[in-house]
Protein chains: 2
Amino acid sequence: MSKERLYLFDTTLRDGVQTIGVDFSLEDKLLIAETLDALGVDYIEGGYPGANPVDTALFENKRLYKNAKFTAFGMTKRAGRSVSNDPGFQDLLNAECDAICLVAKTWDYHVRVALGISNEENLDAISQSIRAIGETDREPLLDCEHFFDGYKADKEYALACAKAAYDEGARWVVLCDTNGGTLPTEIEDIVSDVAKVVPGDHLGIHTHNDTENAVANTLAGIRAGARQVQGTLNGLGERCGNANLTSIIPTLMLKPELADRFEIGVTPAQLRNLTHASRVLDEILNRAPDRHAPYVGESAFATKAGIHASAILKDPATYEHIDPELVGNQRRVLVSNQGGKSNILGELERLGIKASKDDPRLDTLLAEVKSREATGYAYEGADASFELLARRTLGNVPRFFEVDSFRVMVERRHNAVGELVTISEATVKVHVNGESMLSVGEGNGPINALDTALRKDLGKYQAFIEDLELVDYKVRILTGGSDAVTRVLVESRDRAGARWFTVGVSPNIVDASFEALLDSINYKLIRDGAPAP
Amino acid sequence: MSKERLYLFDTTLRDGVQTIGVDFSLEDKLLIAETLDALGVDYIEGGYPGANPVDTALFENKRLYKNAKFTAFGMTKRAGRSVSNDPGFQDLLNAECDAICLVAKTWDYHVRVALGISNEENLDAISQSIRAIGETDREPLLDCEHFFDGYKADKEYALACAKAAYDEGARWVVLCDTNGGTLPTEIEDIVSDVAKVVPGDHLGIHTHNDTENAVANTLAGIRAGARQVQGTLNGLGERCGNANLTSIIPTLMLKPELADRFEIGVTPAQLRNLTHASRVLDEILNRAPDRHAPYVGESAFATKAGIHASAILKDPATYEHIDPELVGNQRRVLVSNQGGKSNILGELERLGIKASKDDPRLDTLLAEVKSREATGYAYEGADASFELLARRTLGNVPRFFEVDSFRVMVERRHNAVGELVTISEATVKVHVNGESMLSVGEGNGPINALDTALRKDLGKYQAFIEDLELVDYKVRILTGGSDAVTRVLVESRDRAGARWFTVGVSPNIVDASFEALLDSINYKLIRDGAPAP
């Protein structure tokens, strides 16, 4: 029997930005869009072109995506203006995109109070706006804001709004539980009723997590007939978040009652990237991943209880609802770590480093990685540091140079004309090939000054690092209070277009940064085949 | 019409302890039990007396609780021994408690593989153990481990286990989704079927969050007839956590489709303590509360978008699914670059700062906030810095002290015995009341050294900041490359239990940190009513 297709609509870049503390740069948005496309979602809602400089630039720089339709968000045309006479709407129509998702009020109370227009004017705005999009080559979608509250207040009107969009050719009419307070039974009842007016294969469901039911509400919507699902990576979103696609995707693919009936655009191979995709977002947000997140959390398949642990080692199915590898996650049984060695081997293979399964140095490397990760290192995001560590353990890496000492000073004082200024200055003493060089550098901060001094003169190696450039620098404090450890991640690149990531960890941010900078330089020297001293 | 009673069974102190990284002391457990009792739950499962020293001591020190039955957890008697001949079971029977909850396997596969006994021996252990408890003055309960998987593998046997307990007088037969992988529809179907054998007013539902459906699964259990609900505060628990009572309680009380039919032991006045109870647990766990937690999270009623914000100030019901005060939480209309004047007014009201809508200084404040946010400040996460800025713009804040200059030095060098060490040292020159003080401090990094020096001597203000403690320190690099700006967020607290957040922004991490530290000190001085110089 052929399965019914369900469509995934991701709004991490639009509704996710409503989250307190979330603010994506253009580069962030491009990287997230790429990650979502690789994951296999059907729609990526990029943002609101024209509303702010980042979103405008995002659509001006629209990339080609393999799987996803890149979608612009905006409002229906203003009442009292024609479509062609509304400059905001025209900007939206001209945005580079594959689909346009309009938001419209469908709760009569909001139409009256917030928009101050009549129900008919609002209906008219929906119809004309959807029609105008349909006349371009873009796919039209309508987000029905406050649909469930609207339905309860004035059922006829809410349905009329949905039907107006459908009648004018909206590919999807999306029912939004904007306040997030509706419970699964009510969602199911109302969506079932709407499906009598708009067929399910044109209905979408958009829920929020204010009662901790966003995932269940999405599943209720599907049961009632909706065939498009809106959500975000890691459940990012205003207040308590949007429906979490990171939980919904594996549930749809791995739970027989759903997987037997439905199919989505994500392949099993793409599903294995789910944990990675989730971590990429947290990395961009510079926040610690939620250890307890369903499917992708570090503890999602971790067992503490002794009896559970030994049962799991006997037969994982006894205490695991799915095989963690299907979502790219790992089993963690606190008594033993069978997976470790095979992980490392896979990682070495990926980096092109040859190692035999029986090489005892592999155990040394595994132990070293584990002990470093226990103190705060994170090699998942620092390939180049991992490669250096592996090459040093499994073979030979020349000691190109030695750092004898450094000193960094930051001083705030009044300058000659009485202004308060801050000066950062660093000196570094390096030994290269028996020669000793003392360099000094200034910077806009202590790390920048240290980096400047360190890269000023590496003697015979200087030519190799001339095109090394620092692209990004991230700091995370790992534990609060006085025991805090600082982890620094540095992203570097060179003129040839290579990019690499290194990591440093220390209670002292200057030490941690210095370690990551040293790794970056050493990696570059190996990469470019610098000769041993 | 009289409402049906639902019973709340909290297992924070028992199943919650399975969480990775969670380890309660006796004092912790006593405080949590007190908090739960004050909240109005019906059962508090304290732990497994005899299994470890803390749990044993907890039952030896049993307190009197106003609302809750204090419950011991343990296993059914061992097969091959009589009840009176099993010392472990006898210890349990003798524990000081009001109820005893036994766990038993109800999945034939586990009975065979994990216990290595026959199905009949297991049934017999259930019957005899429940009967033995019933013969004391304790209430007997049975947790049916892996019930849903067991039901799917061998329905007759799983039902026989549940019925055996009920027939022997178990007050509650609790159906546990131990692996956490069952979806709401399946829960509802299976619980409905069990309710034909064990009446719903003797059925409990115990779910886990592995598919992010623990709350929905609990509601599905209730729909199918179960009248006891098991869960934990803040959804604490193994892997992805248990069903979150912090979300379930307000949903049961505030959502008409449930509140009209059911009543629980929590009064509206107790419900107003929900946010407090949730924070108490996080405090004991020494972790930052989840800002996005439904109902109780700091962001659960927070709005960032400008249009939403002005709508909320007009009529909160437009974007809020419940009144936040009902659960002891607060509305937050955020100051952020998406917001406008109405956001600021709402925020000032919350902070208790009087301002008239027409005060022109409000425009100054708004412009200042916007221009600072454009350079990287984020006031949504830094209440105390916002309050300082607002009070400085709208009124008067004394200049308690002035920092004349500071110098921070980080040096890595070889020490007397040839080891490479890093030293961080800072000097700060402060003017207080015409006096000039020069202080020096050391630290494990430059910021720590600077903080130590700054707080060493503030003259007449020193007494006010003696109990100021730095709880957390976060760093975010806002733009990549050489134009990078550093944003530092500092969380502080004092002995009175107050917590506040401050922010600093600069290209120089030392400057940014210094600014946030200064804000924290000034906030503390204002808060505690320090006199002007």
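To keep things clear, this report deals only with the structure shown in the data block. No experiment lies behind these values; they were computed from the predicted model shown.

1. Some details on the side chain of Asp-193 of chain A
Residues and elements named next belong to chain A.
Argument step 1. Examined against the element boundaries, Asp-193 turns out to sit in helix H8 (residues 184–194).
Argument step 2. The buried category is assigned to Asp-193, whose relative accessible area is 14%.
Argument step 3. The residues contacting Asp-193, other than those within four sequence positions of it, are Tyr-151, Lys-155 and Leu-159.

2. Some details on the pattern of salt bridges
Argument step 1. Tallied over the full model, the rule gives 67 salt bridges over all chains.
Argument step 2. A salt bridge links Lys-524 of chain B to Asp-528 of chain B; its shortest N-O distance comes to 2.6 Å.
Argument step 3. Lys-524 of chain B sits in the buried class, given a relative accessible area of 1%.
Argument step 4. In this structure Asp-528 of chain B comes out as partly exposed when scored by relative accessible area, which is 33%.
Argument step 5. Each of the salt bridges in this network shares a partner with another, and the network as a whole consists of Arg-14, Asp-15, Glu-45 and Asp-143 of chain A.

3. Points about the sheet that holds strand E6 (residues 139–145) of chain B
Residues and elements named next belong to chain B.
Argument step 1. Spatially, E2-E3-E4-E5-E6-E7-E8-E9 is the arrangement adopted by the 8 strands of the closed barrel, whose pairing is parallel. Going across the sheet, the axis of each strand differs from the next one's by a mean of 25 degrees, ignoring polarity.
Argument step 2. For strand E2 (residues 7–10) and strand E9 (residues 228–231), the ladder comprises 4 bridges, and the chain directions are parallel. Looking at the pairing, Leu-8 lines up with Val-229 of E9.
Argument step 3. This element, helix H3 (residues 87–94), spans strand E4 (69–75) and strand E5 (99–105) of the sheet and lies at about 180 degrees to E4.

4. Looking at the sheet that holds strand E16 (residues 469–477) of chain B
All names here are of chain B.
Argument step 1. The strand order across the open sheet built from 3 strands is E16-E17-E18, with neighbouring strands paired in antiparallel fashion. In this open sheet, the two edge strands, each paired with only one partner strand, are E16 and strand E18 (499–506). Each strand of the sheet is rotated relative to its neighbour by a mean of 15 degrees, with strand direction disregarded.
Argument step 2. One ladder, built from 8 bridges, connects strand E17 (residues 486–493) with E18; its direction is antiparallel. Each residue of the ladder has a partner; that of Leu-489, found in E18, is Val-503.

5. Some words on the environment of Gln-90 of chain A
Residues and elements named next belong to chain A.
Argument step 1. Positionally, Gln-90 belongs in helix H3 (residues 87–94).
Argument step 2. For Gln-90, the residues in contact, after removing those within four places along its chain, are Val-83 and Ser-84.
Argument step 3. A polar contact is formed between the side chain of Gln-90 and the backbone oxygen of Val-83, at a distance of 3.0 Å.

6. Overview of the interface of chain A and chain B
Argument step 1. Each partner contributes residues to the interface: chain A has 96 residues there, and chain B has 96 residues.
Argument step 2. If you look at where chain A meets chain B, you find 4 salt bridges.
Argument step 3. When the shortest N-O distance is used, the salt bridge between Glu-411 of chain A and Arg-407 of chain B registers 3.3 Å.
Argument step 4. One can count 28 residue pairs in polar contact (both at pLDDT 80 or more) joining chain A with chain B.

Reading the values: the criteria
Residues numbered from 1 in each chain as written. Chains lettered and ligands numbered in written order. Predicted model: local features only at pLDDT ≥ 70, side-chain atom pairs only at ≥ 80, totals over all residues. Heavy atoms only, no water. Helix = DSSP H or I, 4+ residues; strand = E, 2+ residues; numbered from the N terminus. Buried < 20%, exposed > 50% of the residue type's maximum accessible area, 1.4 Å probe, protein only. Contact = heavy atoms within 4.5 Å. Salt bridge = Lys/Arg side-chain N within 4 Å of Asp/Glu carboxyl O. Pairing = 2+ DSSP bridges. Axes fitted to C-alpha atoms, helices over the stretch in contact; angles between N-to-C directions. Polar contact = N/O pair within 3.5 Å; in protein donor to acceptor, adjacent residues only side chain to side chain.

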